[in-house]
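This is what each chain is made of:
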Amino acid sequence: MGRVSRRAFAMAALSAFTMMPQASAATGRRGGVPDPAMRGVWIASVANRDWPSKPGLTASQQRDELLTHLDTAVGNRLNTVFFQVRPTADALWPSPYEPWSQYLTGTQGKDPGWDPLGTAVQEAHARGLELHAWFNPYRVAVHADPTRLAASHPARENPDWVVTYGGKLFYNPGLPEVRAFVEDAMLDAVAKYPVDGVHFDDYFYPYPVAGQSFDDDAAYDEHGGGFPDRAAWRRDNIDRLVRETADRVKEVRPGACFGISPFGVWRNAATDPLGSDTQAGVETYDDLHADTRKWVREGWIDYIVPQLYWNIGFAAADYAKLLPWWAEVASGSPTRLYVGEALYKAGDPAQPAAWQETGELSRHLTLAAAYPQVRGHAYFAARDVAADRIGAMARVVADHYGQPAPPPR
């Protein structure tokens, strides 16, 4: 799409949004009806998953690809973009804390010649989209070789901050100096750009790898004395990250919200009677040390987007059982509940038969409509929205998104 047609496209989108009744500050409702729902899409940069399509494109090519993703979101009547700007302890903006991301130029630390985050915020807003800056707090690299990092990388300058696990490098969440650093690095972007939200995904302590242990012995010996066991200490480390980030976002940019998109199972009911009727192989509370249920019940975060990436009827983790479980968790909480949807599975021949049906995702939204706690959905991810292999996204739009909707705040 050329630049002239992009401008016309953006103006048409803005016109559609501005004709909507405006929200009342007192009620949080627009013209006497509930606020519109979240219609979100993730744009992942790690490993060039969605954007840029490959490293080493020119600045103009990268920009055009990014704007195409934003235009595709508007074309599908979506209203929110989660843009991954810190995929591996690096940056998609000029950061004084961390190097430029290798996924831009192919070389970590090399200036791409433009400002992707600044452009994304400006162009998203021009199209009536909210832009949430998506950060991964602790992942340093998807390999285990520190010498492959930029020479000035903080992980090379502070090797005692880093744990090698599962063939990857991670910052150690048990070190207070690490937590302070990653917060500073992320909040730099929030201070510089008028982002609408700050977004974390599902990576806190890393997903378990069979036969390996995450070596945080020294940190636990120094900082874990007041806890009954290591697991409780690890959960407290992540709780602190969440609470401190929430507080600092409000200080730095009061109008921005803070949300998290965790793995969809907190605990199985066989582990904890408060858990869901699932038999998931991962439980965030025990394996990632992320007490996602508490964050919602305590109202520490503004929204949560559990990744309910399973089909209706899936035995180990049934969408139709997890949805009401999360609705009950969110009931009475100030934390808004949105649902993460696995668009990437639609039409993938490696997935169960349900994902070969065009209407599976549409059925998810129909089911969710019966739960007032569910305030919208987000789709993983942008590449799949664009490709729409079997028309699953088009079916969602046709069945549920009859008109454009402004963002939910």
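Placed above this text is the structure.
Counting from 1, residues in each chain are numbered in the order their sequence is written. Local features in a predicted model are, by the rule used here, given only for residues with pLDDT of at least 70; side-chain atom pairs are given and counted only at 80 or more, and totals for whole chains, interfaces and linings are based on all residues. Hydrogens are left out, water is left out, and the side-chain values use all remaining heavy atoms of the structure.

Asks: Hey, could you run me through the overall build of the protein in this one?
Replies: The way it works is that DSSP assigns letters per residue, a run of H or I at least four long becomes a helix, a run of E at least two long becomes a strand, and they are numbered from the N terminus. Within the protein one finds 14 helices and 13 strands. Each radius of gyration is computed over the set of C-alpha atoms, and the globule rule expresses the reference value as 2.2 Å times the number of residues to the power 0.38. Over its C-alpha atoms the protein spans a radius of gyration of 21 Å, differing by no more than 12% from the 22 Å that the globule rule assigns to 409 residues. Taking the principal axes of the C-alpha coordinates as reference, the protein spans close to 60 × 55 × 50 Å. Within the protein, buried positions represent 56% of all 409 residues. Long-range pairs, those at least 24 residues apart, make up 72% of the contacts in the protein with a sequence separation of at least 6. The classification of residues rests on relative accessible area computed with a 1.4 Å probe and restricted to protein chains. Under 20% of the type maximum is buried, over 50% is exposed, and intermediate values are partly exposed. For this analysis, residues touch if any pair of their heavy atoms sits within 4.5 Å.

Asks: It is not clear to me how the packing of aromatic side chains should be interpreted in this structure. Could you clarify?
Replies: Where two aromatic rings form a pair, the distance of their centres and the angle of their planes describe that pair. Working definition: rings of Phe, Tyr and Trp (its six-membered ring) pair if their centres are within 6.5 Å, and the pair is stacked with planes under 30 degrees apart, edge-to-face with planes over 60 apart, and tilted otherwise. Summed over the entire model, instances satisfying the criterion amount to 27 aromatic pairs. Seen from their ring centres, Trp 51 and Trp 114 are 6.1 Å apart, and the 80° between their planes marks the pair as edge-to-face. Of this pair, Trp 51 sits in the loop between strand 3 (38-43) and helix 2 (59-75) while Trp 114 sits in the loop between helix 3 (102-105) and helix 4 (116-126), and the two are 63 residues apart along the sequence. Given the relative accessible area of 0%, Trp 51 is considered buried. Among the aromatic side chains, those forming a connected cluster through ring pairs are Trp 42, Phe 82, Tyr 303, Tyr 309, Tyr 338, Tyr 344 and Phe 380. When the ring centre of Trp 300 is taken as origin, the NZ or CZ atom of Arg 243, which lies over that ring, is 5.0 Å away. Charges are assigned to positions over rings by a cutoff of 6 Å between ring centre and Lys NZ or Arg CZ, combined with an angular limit of 35 degrees from the ring normal.

Asks: Got a minute to help me understand empty space enclosed by the protein in this structure?
Replies: Remark: the empty space left among the atoms is shown by a probe the size of a water molecule rolled over them. Here the term cavity refers to a set of points on a 1 Å grid, laid over the protein atoms alone, in which a 1.4 Å probe fits but cannot get out; the term pocket refers to an open set having protein on both sides within 12 Å along at least five of seven lines, with lining residues being those that place an atom within 4 Å of a point. Grid points are joined across faces, edges and corners, and a volume is the space filled by probe spheres set on the points. In the structure shown here, the tally under the stated rule is two cavities of 30 Å³ or more. Of the volumes computed, that of the largest cavity is approximately 50 Å³. As for the largest cavity, its lining consists of Leu 343, Tyr 344, Ala 346, Asp 384, Ala 387, Asp 388, Arg 389, Ile 390 and Ala 392. Taken as a whole, the second largest cavity encloses approximately 30 Å³ of empty space. Lining the second largest cavity, in full, are Val 41, His 69, Thr 72, Ala 73, Ala 382 and Val 385. With three residues, helix 2 is the single largest residue contributor to the lining of the second largest cavity. In this classification, Asp, Glu, Lys and Arg are treated as charged, Ala, Val, Leu, Ile, Met, Phe, Trp, Tyr, Cys and Pro as nonpolar, and every other residue, Gly included, as polar. For the lining of the second largest cavity, the residue count by class is four nonpolar, two polar and no charged.

Asks: Help me out: how do you make sense of the sheet that holds strand 3 in this one?
Replies: Two orientations exist for strands paired in a sheet by backbone hydrogen bonds: parallel and antiparallel. With respect to topology, eight strands assemble into a closed barrel ordered 3-4-5-9-10-11-12-13, the strand pairing being parallel. Note that strand 4 (residues 80-86) and strand 5 (residues 130-135) share six bridges and pair parallel. By the bridge assignment, Thr 80 is partnered in strand 5 with Glu 130. A fitted line through C-alpha atoms serves as each axis, taken over the contacting stretch for helices, and the angle formed by two N-to-C directions is quoted from 0 to 180°. Where helix 12 (residues 360-368) meets the sheet, it contacts strand 12 (336-341) and strand 13 (374-379), and its direction lies at approximately 165° from that of strand 13. Two strands are counted as paired when DSSP detects at least two bridges linking them.

Asks: So what exactly am I meant to see when it comes to the nonpolar core here?
Replies: The tendency in soluble globular proteins is for nonpolar side chains to be buried side by side. Residues enter a nonpolar core if they are buried and are Ala, Val, Leu, Ile, Met, Phe, Trp, Tyr or Cys, with the set joined through side-chain atoms within 4.5 Å. The biggest cluster of nonpolar side chains holds 117 residues, and the ones touching the most others in it are Phe 83, Leu 117, Phe 135 and Tyr 171. Excluding its chain neighbours within four sequence positions, the residues that come into contact with Leu 117 are Phe 83, Val 85, Leu 92, Trp 93, Leu 131, Ala 189, Tyr 193 and Val 195.

Asks: Just checking my understanding: could you explain the side chain of Asp 188 for this structure?
Replies: Tracing the chain through its elements places Asp 188 in helix 6 (residues 176-192). You can call Asp 188 buried: its relative accessible area is 11%. The contacts of Asp 188, once residues within four sequence positions are left out, are Trp 93, Pro 94, Ser 95, Pro 96 and Tyr 97.

Asks: I tried to follow the environment of Leu 308 on my own but got confused; where do I start?
Replies: As for its placement among the helices and strands, Leu 308 is situated in the loop between strand 11 (303-304) and helix 11 (319-330). Take Leu 308: its relative accessible area is 0%, and that puts it in the buried class. Distance in space between the C-alpha atoms of Leu 308 and Asp 160 is 36 Å, their sequence separation being 148 residues.

Asks: Explain the packing of helix 6 against helix 8 (residues 230-252) here, please?
Replies: Helix packing geometry: the angle between the two helix axes and the distance between the axes. The N-to-C vectors of helix 6 and helix 8 enclose an angle of 30°; their axes lie 10 Å apart at closest approach. Regarding the angle of helix 6 to helix 8, the classification is roughly parallel. Seen along the crossing, helix 6 lies across helix 8 with a hand that is right-handed. Taking contact as the criterion, the partners of Arg 179, Ala 180, Val 182, Glu 183, Asp 184, Met 186, Leu 187, Val 190 and Ala 191 in helix 6 are, on helix 8, Asn 237, Arg 240, Leu 241, Glu 244, Thr 245, Arg 248, Val 249 and Val 252. Per-class residue counts for the contact of helix 6 with helix 8 are nine nonpolar, two polar and six charged. In what follows, roughly perpendicular refers to angles from 65 to 115 degrees, roughly parallel to angles under 35, roughly antiparallel to angles over 145, and oblique to any angle outside these ranges. Helix crossings fall into two classes, left-handed where the near helix is turned counterclockwise from the far one by less than a right angle and right-handed where it is turned clockwise.

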